[in-house]
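Residues per chain, in single letters:
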Amino acid sequence: MHPFSFIKAANTREALSAGRRGGRYIAGGTTLVDLMRETVERPETLVDISDLPMRDVKVTERGGLRIGALVSMAEAAAHPKVRSLFPVISQALELSASAQLRNMATIGGNIMQRTRCTYFRDVTADCNKREPGSGCAALHGHNRTHAILGTSDSCVATHPSDVAVAFAALEATVHLLGPAGERRVTFADFLLKPGDTPNREQALRQGELITGVEIPALARPLKSGYLKVRDRQSYEFALTSAAVALYVRGGVVREAKVAAGGVGTVPWKLSAVEQALIGERPSDRLWAEAARHAAGGARPLQHNRFKVELVNRTVERQLRTVGGMK
Ligand code: SF4
């Protein structure tokens, strides 16, 4: 591990001041410390923000939900409002990582976590995300777990978060605070596809902090849930996943929010699937036909062609599960 200095921020002003000077924010540290041990990350200054007042979960005036950036994954998953309003968020969190990690890791850190591409974590491998311009060892290497959507010739790594898939489906907004003040960014704009600059992963400005994530008010009663398909049933990242929320009234799908994980360089919003559902009567045939759009535009690699069919089936199964809920 490279030497670094450490600042414990007593308040938001101190944190922002240190962030403006190039300090890296840290809270649970469950990703960053690992990467520092492996020398993938070499920050000169860490700014501990874990004492900042960002630990609330509350229903907004508009009837949505705001989850503070420092709420732990375990706290968010167990929160009664999260469980009752958006089960898809609780389920995505509970299917992530291990109990120990969920106790430490925060919501803000979760959506900031970096890819699990093995070449990214191997400092001897070519990796444009870690060392811009060095190449991408995964393009013609072991790419079974890599992305089939949103890829570029520079990077094909998946985004590893589960709860980010739920946030993408629900069209959440990320609340930010920086030296220039507060701003909000839609989830779709917050996480960046790799393009020619895979080292740039979020639309954060210098010194900006995530203060929370807001899920908008949606029609009620909304049924929702998360399905994760993986090589083993615990402590494993998704090969594919599906976050689904449906509002059905009068025997017709009125609202559909759907996203897939494990297949995109960012959590992959499935607008074509949503459009195929709206205004239709729920049926097994509808779920199957809508899910056929899930892998639209996919560019599979040598070892991950199976993900095309797998994501279609994952979405179909979760549509059927959520659509059949009483
Ligand atoms: Fe690096 Fe992305 Fe290629 Fe993985 S897929 S080696 S993270 S550039």
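Residues numbered from 1 in each chain as written. Predicted model: local features only at pLDDT ≥ 70, side-chain atom pairs only at ≥ 80, totals over all residues. Heavy atoms only, no water.

Trainee: Can you explain the domain arrangement of the chain? Please cite residues and give values.
Mentor: Segmentation of the chain into domains returns domain 1 (1-47), domain 2 (57-112 + 167-215) and domain 3 (223-323). Between the C-alpha centres of domain 1 and domain 2 there is a distance of 19 Å. The interface of domain 1 with domain 2 comprises 11 residues on the first partner and 12 residues on the second. Here domain 1 and domain 2 share an interface that buries about 840 Å² over both sides, 75% of which is from carbon and sulfur atoms. Seen at the junction of domain 1 and domain 2, the total is zero salt bridges. At five residues, helix α1 (residues 12-20) tops the list of elements feeding residues into the side of domain 1 that touches domain 2. (Domains from an automatic or database assignment. Contact = heavy atoms within 4.5 Å. Buried area = accessible area lost by both parts, 1.4 Å probe. Salt bridge = Lys/Arg side-chain N within 4 Å of Asp/Glu carboxyl O. Helix = DSSP H or I, 4+ residues; strand = E, 2+ residues; numbered from the N terminus.)

Trainee: I'd like to hear about the site of the ligand, residue by residue, with values.
Mentor: Neighbouring residues of the ligand: 15 residues in total, closest C117, C127, C136, C155 and V156. Split into classes, the residues belonging to the shell around the ligand amount to 10 nonpolar, three polar and two charged. (Near = heavy atom within 4 Å. Nonpolar A, V, L, I, M, F, W, Y, C, P; charged D, E, K, R; others polar.)

Trainee: Outline helix α12 (residues 284-291), supporting the account with residue identities and numerical values.
Mentor: For α12, the complete set of buried residues consists of L286, W287, A290 and A291. Down the axis, α12 shows its buried residues gathered within 120° of arc, on one side only. Check the buried side of α12 and you find it contacts β10 (240-249), β11 (252-261), α11 (271-277) and α13 (306-323). (Buried < 20%, exposed > 50% of the residue type's maximum accessible area, 1.4 Å probe, protein only. Arc of directions from axis to C-beta.)

Trainee: Describe the environment of F86, with residues and values.
Mentor: By the element assignment, F86 lies in the loop between α4 (80-85) and α5 (87-94). The spatial distance from the C-alpha of F86 to the C-alpha of G264 is 23 Å, given a sequence separation of 178 residues. Setting aside anything within four residues of it in sequence, one finds F86 in contact with L65, K81, L170, I215, P216, L218, R220, L222 and S224.

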